[in-house]
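Structural overview for review
Here is what each chain is made of, one letter per residue.
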Amino acid sequence: MARTEGRLAGRAAATPPPPTPVRPLTPREKAAVIVRFLLSEGTALPLAKLPEHMQAALTEQIGQMRLVDRSTLAQVVEDFLTELEQVGIAFPAGIEGALQVMDGHISANAASRLRRLAGASAKADPWDRLTSLPVERLVPVLAEESIEVAAVMLSKLPVAKSAELLGKLPGDKARRVAYAVSLTGNVDPETVRRIGASLVAQLDAQPPRAFDSGPVERVGAILNVSGAQTRDEVLAGLEAEDAGFAAEVRKAIFTFVHLPARVLARDVPKIIRLVDQPVLVTALTGSQGNAEQAAAAEFLLVNMSQRMAQGLREEMASRGKVREKDAEEAMAAVISAVRQLEAAGELALVRDEE
C-alpha cells in the first residue's frame with residue numbers, strides 16, 4: 001500500500017494542478033480513473049473481493065471512459081490521497097465481516113436474522129458466505145445434497161476447502177462427485193448463484209446451537225474428570241439406556257489409562273514439562289494399585305530421560321500410600337496437560353481407528 005501511495009504521490013507531484021476542470025468527475029468516474037491508473041502501473045488490486053454488482057459497475061464505467069488529460073488525472077490522484085490520509089478507522093466490507101467483528105457481542109438469533117436478510121438481497125453473492133464458513137458447517141449439507149449440486153459446490157469453493165470437503169465424504173460418493181465435477185463446464189452463472197442461495201438458505205434454516213460441541217463430546221469431557229467409580233456407574237447406566245450412545249461416549253473418554261494407546265512416545269517429554277513434579281509423583285505412585293494405570297505410568301517412565309525416570313522411581317518408593325482422591329486429581333492434571341498441548345497444536349492424539 002505504501003508503494004502504491006508513493007506512485008500516486010509521484011504522479012500528483014510531477015504534474016501541476018489543473019487550472020479549472022472542464023467537467024467535474026463523478027465518484028464512479030474517479031474510481032475508474034484510480035483503478036485504471038494503478039493497473040497501468042502494475043499494481044495488483046483485489047477487485048475480486050468486491051461484490052459482483054460493484055465489479056460490474058466499475059468495469060462498465062471503465063468501458064465508457066475515453067481520454068483523461070494529465071491535469072485531471074493529477075487532481076483525481078491528489079483528491080484520492082487526501083481521502084486516504086483522512087481515514088481514521090476502516091470497517092469490514094459486507095455483513096459477514098461485520099458479524100465477525102460483532103461475534104460474541106450480539107445474540108446468535110440476531111446474527112442469524114442478519115444473515116438471512118443479507119442472503120435475501122439480490123446483490124449479495126451467496127458464495128461469499130459459503131466460502132467463509134468452516135468445513136464442519138458445510139459437510140452435513142454436502143452429504144445430503146445430490147451429486148450434481150455437490151459437484152457445483154466443490155467447483156465454486158476454493159481448491160483447498162473443496163479438497164478437505166471431498167476427503168470427508170464416503171468413498172463411493174466422493175468418487176461420484178469428483179466425476180460429476182467434469183460435467184459442470186456448461187453450467188451458467190445464474191444457476192450457480194441460485195444453487196449457492198439455496199445452500200445458504202439451508203444453513204440459515206438450521207436453528208442456532210446453544211453448545212459448541214455435541215452431546216457425546218460433552219458427556220465424555222465430564223466423565224474425563226469424574227472419579228473412576230462415578231464414571232463406571234454412569235457408563236453402565238448409559239449402556240442400559242442407549243448402548244449406541246454409550247459406545248460413542250466410551251470413544252470420547254480419555255483418561256490416564258488411555259495414555260499408552262492415544263499418546264505418541266515422542267510427546268511424553270512435552271507432557272512431563274507441564275506437570276509439577278510432586279503432582280507427577282502422586283499420579284505415578286497412586287497408579288500402582290491398578291494394572292491399567294500402572295501400565296500407563298510405566299509408559300511415561302520409559303519414554304522420558306532415564307535419569308529423570310530413576311529419580312521419580314526413587315520418590316515413588318519413598319512416597320508411601322496415596323489416597324485414591326489425591327491420585328485421581330494428579331492423574332487428571334496429567335490429562336489436562338495433554339489436552340493443553342493438543343489445543344495448542346503441539347500434540348496430536350492417536351484416534352481409535354488409527
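Our structure is the block above this text.
Residues numbered from 1 in each chain as written. Predicted model: local features only at pLDDT ≥ 70, side-chain atom pairs only at ≥ 80, totals over all residues. Heavy atoms only, no water.

Within the chain, the secondary structure is distributed over 21 helices and zero strands. Across the 354 residues that make up the chain, the buried fraction comes to 33%. Nonlocal contacts in the chain, meaning residues at least 24 apart in sequence, comprise 75% of its contacts between residues at least 6 apart. In the structure as shown, the chain presents an accessible area of about 22100 Å², 55% of it carried by carbon and sulfur atoms. (Helix = DSSP H or I, 4+ residues; strand = E, 2+ residues; numbered from the N terminus. Buried < 20%, exposed > 50% of the residue type's maximum accessible area, 1.4 Å probe, protein only. Contact = heavy atoms within 4.5 Å. Areas by Shrake-Rupley, 256 points an atom, 1.4 Å probe, with all protein chains shown as cover.)

Our focus in this paragraph is helix H2 (residues 27-40). The terminal C-alpha atoms of H2, which comprises 14 residues, lie 20 Å apart, in line with the 20 Å expected from a rise of 1.5 Å per residue. Taken as a whole, H2 has its buried residues at Glu29, Ala32, Val33, Ile34, Val35, Phe37 and Leu38. (Expected span 1.5 Å × (residues − 1).)

Attention now goes to the nonpolar core. If you look at the biggest cluster of nonpolar residues, it comprises 32 residues, and the most contacted ones within it are Leu259, Leu300 and Val334. Counting residues per element, the ones that place at least two in this core are helix H17 (268-274), helix H18 (277-286), helix H19 (291-302), helix H20 (306-319) and helix H21 (324-343). It is H21 that provides the largest number of residues to this core, a total of eight residues. Setting aside residues up to four positions removed in sequence, Val334 forms contacts with Phe256, Leu259, Ile271, Val275, Leu280, Ala283 and Leu300. Membership of the second largest hydrophobic core comes to 26 residues, among which are Leu169, Val177, Val200 and Leu203. (Core = buried A, V, L, I, M, F, W, Y, C linked by side-chain atoms within 4.5 Å.)

Moving on, we get to a nonpolar patch on the surface. The grouping of Val101, Met102, Ile106 and Leu114 at the surface amounts to a nonpolar patch, some 300 Å² of accessible area in total. With respect to the helices and strands, Leu114 occurs in helix H6 (residues 108-120). On the basis of relative accessibility, which here comes to 32%, the residue Leu114 falls in the partly exposed class. (Patch = residues over 30% accessible without salt bridge, like charges linked within 9 Å, V, L, I, M, F, W, Y side chains within 5 Å. Salt bridge = Lys/Arg side-chain N within 4 Å of Asp/Glu carboxyl O.)

Attention now goes to the pattern of salt bridges. Counted by the stated rule, this structure contains 10 salt bridges. Among the ionic pairs, Arg323 bridges to Asp326, the shortest N-O distance being 3.1 Å. Exposure remark for Arg323: the relative accessible area of 55% places this residue in the exposed category. Relative accessible area serves as the criterion here: at 26%, Asp326 is assigned to the partly exposed category. Between Arg339 and Glu342 there is a salt bridge, with its nearest N and O atoms 3.1 Å apart. Of this pair, Arg339 and Glu342 both sit in helix H21, three residues apart, which is roughly one turn of the helix. Given a relative accessible area of 30%, Arg339 falls into the partly exposed group. On the basis of relative accessibility, which here comes to 31%, the residue Glu342 falls in the partly exposed class. One continuous salt-bridge network, built from bridges that share partners, spans Asp172, Arg175 and Arg176.

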